[in-house]
There are 2 protein chains.
Amino acid sequence: MYNQISKTKKAVRQIKQAIPLQTLQRLPAYLSYLRRVLPDKKNVSARTIAAALSLGEIQVRKDLAAVSDKGRPKTGYDTAELIADIEDTLGCTNSKDAVLIGAGKLGTALLSYKGFSEYGLNIVSAFDTDKSKCGTDESGKAVLPMEKLTDFCKRLNIRIGIITVPAAHAQEICDKLVDCGIKAVWNFAPVHLNAPPGVLVKSENMAASLALLSRHLMEPDTSPDKDEE
Amino acid sequence: MYNQISKTKKAVRQIKQAIPLQTLQRLPAYLSYLRRVLPDKKNVSARTIAAALSLGEIQVRKDLAAVSDKGRPKTGYDTAELIADIEDTLGCTNSKDAVLIGAGKLGTALLSYKGFSEYGLNIVSAFDTDKSKCGTDESGKAVLPMEKLTDFCKRLNIRIGIITVPAAHAQEICDKLVDCGIKAVWNFAPVHLNAPPGVLVKSENMAASLALLSRHLMEPDTSPDKDEE
DNA sequence: GGAATATAGATATTCCTTTATCGATATAAT
DNA sequence: ATTATATCGATAAAGGAATATCTATATTCC
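Remember, predicted model here, so these are calculated numbers, not experimental data.

Student: I'm lost on the packing of helix H2 (residues 21-37) of chain B against helix H3 (residues 46-53) of chain B in this one. Help?
Tutor: Two quantities define a packed helix pair, namely the angle between the axes and the distance from one axis to the other. All names here are of chain B. It is at 11 Å that the axes of H2 and H3 come closest, and there the two elements cross at 100°. The pairing of H2 with H3 is recorded here as roughly perpendicular in orientation. Contact residues: Ala29, Tyr30, Tyr33 and Leu34 in H2; Thr48, Ile49, Ala52 and Leu53 in H3. Class assignment of the residues belonging to the contact of H2 with H3 gives a composition of seven nonpolar, one polar and no charged.

Encoded structure:
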């Protein structure tokens, strides 16, 4: 099976088996690591990656098998090929435009962060009800008044919305984004958001992370204490 | 079992059964919801919570059973009591001090965020190598030079460190924090961090969230599409 | 060319989480 | 009082993910 009927396998993978949720969420970590070591390592094995990221070797191997079939005994994967396969799976190559609502501290921090482009995300513009925040951000991106949101999204066919407004207004903004045709919402406000079927809401739950840290400090017990990501 | 031998049950819960990881991470969402509705609702049922947060009723009931035994048929839980039990489990009551390293955009955003106190987190001070960033932040919190970190942590017995430095320096900062006696690291840099046993590292993996959003946009298929948090 | 070795891939098992089903009980209504 | 009902709690089943085990196969070394 090493390199002969790859087409068949890939087809099967794409048609029948969706990539497991947990695997999907680990892929960016692999990608980041591989990009970093590419200049040095032309080849990598699952074991190497596992050691670098403190993961189980078998788990990594299984994850990689879900996105690529170019692994070869004794040599492992060609790093560049593996990067390409992961990028392909994650859709890093085709740039996805997004709008960001709420030009507060967190909003502007995200707005000026350069790293999202590595995963194909491009924040086109920010919006805020506060006119004093409108204008051109330090990062060179525009902050527009809320009134222009709907027209903007529809004209540019934006499908991703990032919410960085206070919790009290998040649901209302979410509803508005849905009206604008947004299909995926990335929510940084600490509230649950309701959205109609077909619209995915992914909330960044910092409180959940805190719960983990807190428990660790409360239970200085004998546990082996693998780190959680 | 309704209200009679609660002591025994609680003891068993605390001794034998640790709260499942996934449950633990949902608790803050319950807490947030309960606090919001407390003025209106003296009592809540698992079903009510489930509906509000788009979760399964049985799942919520099981989660609540893990932290409280004060639920009663027909009436549900006393809201205030349930809040207290969750707070107790999460350790919201005793304030935990933390230091933050990296006073960039994201760092200062977190520094000035008021919401962490609701979960018992208190960011005492920030640190940065860049002297020009040192001084007193807008939020009233001090940004100190890195040289003072070790002494500061040891004197105040700080156990939580928040990393908001660029990825390239994150591991080195993490090592330093460990030297300072930090026991829990909250990492916002997009790299895996290694830490010795006994030190928990929780990374905020935004790229993983992006992967989810991205997949959703790539596969506009027939899936039922429950939203992910 | 043959043996040793590192590695991928497949299958099976175990574990954790979620979901389903059933029984018990406090409140409300008749 | 008796019955109905909403809800909790416990047990059981199902699903998904992590881990273990085994097999196959390139590469390397002799």
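Student: Is there a simple way to explain the sheet that holds strand S8 (residues 184-187) of chain A in this structure?
Tutor: What links the strands of a sheet is backbone hydrogen bonding, and the strands pair in either a parallel or an antiparallel sense. All names here are of chain A. Strand order in the open sheet formed by seven strands is S5-S6-S4-S3-S7-S8-S9, and the pairing between neighbours is mixed. In this open sheet, the two strands that pair with only one neighbour each are strand S5 (135-136) and strand S9 (200-203). Sheet topology note: the strand S3 (residues 96-101)/strand S7 (residues 160-163) ladder contains four bridges and is parallel. Bridging from a neighbouring strand, Val99 pairs with Gly161 of S7. Here helix H7 (residues 149-156) sits on the sheet and contacts S3, strand S4 (121-128) and strand S6 (142-145); the angle it forms with S4, its principal contact strand, is near 160°.

Student: Mind showing me how you'd approach the relation of the copies chain B and chain A here?
Tutor: Two chain copies here: they are related by a rotation about an axis and a translation along the same axis. Once turned by 180° and shifted 0.0 Å along the axis, chain B lies on chain A with an RMSD of 0.0 Å. On this basis, the relationship between the two copies can be described by a two-fold rotation axis. Taking C-alpha positions as reference, the residue of chain B nearest the rotation axis is Leu106 of chain B, located at 3.2 Å. Same-surface contact between copies: 98% of interface residues of chain B are shared with the interface of chain A.

Student: Would you mind going over the pattern of salt bridges with me for this structure?
Tutor: A side chain of one charge can pair with a side chain of the opposite charge if their charged atoms are brought near each other. Counted by the stated rule, this structure contains 15 salt bridges over all chains. Among the salt bridges present, the one from Glu147 of chain A reaches Lys131 of chain A, with a minimum N-O distance of 3.3 Å. Separated by 16 residues along the polypeptide, Glu147 of chain A in the loop between S6 and H7 and Lys131 of chain A in the loop between S4 and S5 bring together distant segments of the chain. Neither residue differs from the other here; Glu147 of chain A and Lys131 of chain A are each classed as exposed. Salt-bridge contacts for Glu118 of chain B lead to Arg35 of chain B; the nearest nitrogen and oxygen are separated by 4.0 Å. One end of the pair, Glu118 of chain B, is in the loop between helix H6 (105-112) and strand S4 (121-128); the other, Arg35 of chain B, is in helix H2, and 83 residues separate them in sequence. Among the residues examined, Arg35 of chain B registers a relative accessible area of 25% and is labelled partly exposed. Through salt bridges with shared partners, one network takes in Arg47, Glu57 and Arg61 of chain A.

Student: Quick question: what am I supposed to make of the packing of helix H9 (residues 206-218) of chain A against H2 of chain B here?
Tutor: Viewed as axis vectors pointing N to C, H9 of chain A and H2 of chain B meet at an angle of 120°, and their least axial separation amounts to 7 Å. Here H9 of chain A lies oblique to H2 of chain B, going by the angle between them. By crossing handedness, the relation of H9 of chain A to H2 of chain B is classed as right-handed. Across the interface between the two elements, Ala207, Ala208, Ala211, Leu212 and Arg215 of chain A of H9 of chain A pack against Leu21, Leu24, Gln25 and Pro28 of chain B of H2 of chain B. Each residue belonging to the contact of H9 of chain A with H2 of chain B can be placed in one class, and the counts come to seven nonpolar, one polar and one charged.

Student: Help me understand unusual backbone geometry in this model?
Tutor: Trans peptide bonds make up most of the peptide bonds, and negative phi angles are found at most residues other than glycine. One non-glycine residue, Asn157 of chain A, lies in positive phi territory at about 55°. Summarising the element assignment, Asn157 of chain A is placed in the loop between H7 and S7. Although it is not a glycine, Lys74 of chain B sits at a positive phi angle of roughly 75°. Topologically, Lys74 of chain B is positioned in the loop between helix H4 (57-67) and strand S2 (77-78).

Student: When you look at the interface of chain B and chain A in this model, what are you seeing that I'm missing?
Tutor: When the parts of a complex come together, some accessible area is lost, and that lost area is often used as the size of the interface. Taken together, the contact pairs 64 residues of chain B with 63 residues of chain A. Taken together, both faces of the contact between chain B and chain A bury some 6,000 Å²; the carbon and sulfur share is 63%. For the pair chain B and chain A, the interface holds zero salt bridges. Joining chain B to chain A, the criterion identifies 16 residue pairs in polar contact (both at pLDDT 80 or more). Within the residue set of the side of chain B that touches chain A, elements represented by two or more residues are H2, H3, helix H5 (79-90), H6, strand S8 (184-187), strand S9 (200-203) and helix H9 (206-218) of chain B. Examining the composition of the side of chain B that touches chain A, we find that 13 residues originate from one element, H9 of chain B, more than from any other. Residues belonging to the side of chain B that touches chain A are distributed by class as follows: 35 nonpolar, 15 polar and 14 charged.

What counts, and where the lines are drawn
Residues numbered from 1 in each chain as written. Chains lettered and ligands numbered in written order. Predicted model: local features only at pLDDT ≥ 70, side-chain atom pairs only at ≥ 80, totals over all residues. Heavy atoms only, no water. Axes fitted to C-alpha atoms, helices over the stretch in contact; angles between N-to-C directions. Helix = DSSP H or I, 4+ residues; strand = E, 2+ residues; numbered from the N terminus. Parallel < 35°, antiparallel > 145°, perpendicular 65-115°, else oblique. Contact = heavy atoms within 4.5 Å. Nonpolar A, V, L, I, M, F, W, Y, C, P; charged D, E, K, R; others polar. Pairing = 2+ DSSP bridges. Least-squares fit on C-alpha atoms with pLDDT ≥ 70 in both. Salt bridge = Lys/Arg side-chain N within 4 Å of Asp/Glu carboxyl O. Buried < 20%, exposed > 50% of the residue type's maximum accessible area, 1.4 Å probe, protein only. Left-handed = near helix turned anticlockwise from the far one by under 90°. Buried area = accessible area lost by both parts, 1.4 Å probe. Polar contact = N/O pair within 3.5 Å; in protein donor to acceptor, adjacent residues only side chain to side chain.

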